[in-house]
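# Observations on the model geometry
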Amino acid sequence: MFLEALGAAALGLALAWAVSRRLPHRLPARSLVLSTGVAGGLFGAFLTHTALGSAYYPVILFGAAIVSAALLSLLLRPAERFRRRSATA
């Protein structure tokens, strides 16, 4: 269980680091992004471990990556060039 948690935290951190390097202009502070990635990875591993048990280590890491990516996507702000004004404004 310890290796699952460590692997999920490392996977969430790597995913958050990659996103923060790729889209820095659309994200809040880097510390928030990195901590959200780690928390998402740990929560995803917990959910997947609870649902499937401890026999499926690669599936648990996949669930951790999915939840971490979902939480990181909630931090994204819209890009300025895609923002449109309404016709009534």
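No experiment lies behind these values; they were computed from the predicted model shown.

## Points about the overall build of the protein chain
Tallying secondary structure elements over the protein chain gives 3 helices and 0 strands in all. The order of α-helices and β-strands along the protein chain, N terminus first, is α-α-α. The buried share among the 89 residues of the protein chain stands at 26%. Long-range contacts, defined as pairs at least 24 residues apart, comprise 68% of the intrachain contacts of the protein chain with a sequence gap of at least 6. Looking at the protein chain as shown, the accessible area adds up to about 6,200 Å², and 69% of this sits on carbon and sulfur atoms.

## Things to note about a nonpolar patch on the surface
A surface patch of nonpolar side chains, amounting to about 460 Å² of accessible area, comprises Phe2, Leu3, Leu6 and Tyr57. Broken down by element, the residue count for the nonpolar patch peaks at 3 residues, all from helix α1 (residues 2-22). Mapped onto the secondary structure, Leu6 falls in helix α1. For Leu6, a relative accessible area of 47% gives the class partly exposed.

## A few points about the UniProt feature "transmembrane region" (unreviewed entry) in the protein chain
Following the UniProt record, one finds the feature "transmembrane region" (unreviewed entry) at residues 55-76. Helix makes up 77% of residues 55-76 and strand 0%, whereas the separation of the span's terminal C-alpha atoms amounts to 34 Å.

## Remarks on the packing of α1 against helix α3 (residues 57-73)
Viewed as axis vectors pointing N to C, α1 and α3 meet at an angle of 35°, and their least axial separation amounts to 9 Å. With respect to the hand of their crossing, α1 and α3 are arranged in right-handed fashion. Where α1 abuts α3, its residues Leu3, Glu4, Gly7, Ala8, Leu11, Gly12, Leu15, Ala16 and Val19 lie against Tyr57, Ile60, Leu61, Ala64, Ala65, Ser68, Ala69 and Leu72. Of the residues belonging to the contact of α1 with α3, the class tally is 13 nonpolar, 3 polar and 1 charged.

## Looking at the packing of α1 against helix α2 (residues 30-52)
For the pair α1 and α2, the least separation of the axes is 7 Å and the interaxial angle reads 140°. Here α1 and α2 pass one another in a crossing that is right-handed. Across from Glu4, Ala5, Ala8, Ala9, Gly12, Leu13, Ala16, Trp17, Ser20 and Arg21 in α1, the residues of α2 making contact are Arg30, Val33, Leu34, Gly37, Val38, Gly41, Leu42, Ala45 and His49.

Rules used throughout
- Residues numbered from 1 in each chain as written.
- Predicted model: local features only at pLDDT ≥ 70, side-chain atom pairs only at ≥ 80, totals over all residues.
- Heavy atoms only, no water.
- Helix = DSSP H or I, 4+ residues; strand = E, 2+ residues; numbered from the N terminus.
- Buried < 20%, exposed > 50% of the residue type's maximum accessible area, 1.4 Å probe, protein only.
- Contact = heavy atoms within 4.5 Å.
- Areas by Shrake-Rupley, 256 points an atom, 1.4 Å probe, with all protein chains shown as cover.
- Patch = residues over 30% accessible without salt bridge, like charges linked within 9 Å, V, L, I, M, F, W, Y side chains within 5 Å.
- Salt bridge = Lys/Arg side-chain N within 4 Å of Asp/Glu carboxyl O.
- UniProt positions renumbered as here; feature names shortened; annotations may be inferred.
- Axes fitted to C-alpha atoms, helices over the stretch in contact; angles between N-to-C directions.
- Left-handed = near helix turned anticlockwise from the far one by under 90°.
- Nonpolar A, V, L, I, M, F, W, Y, C, P; charged D, E, K, R; others polar.

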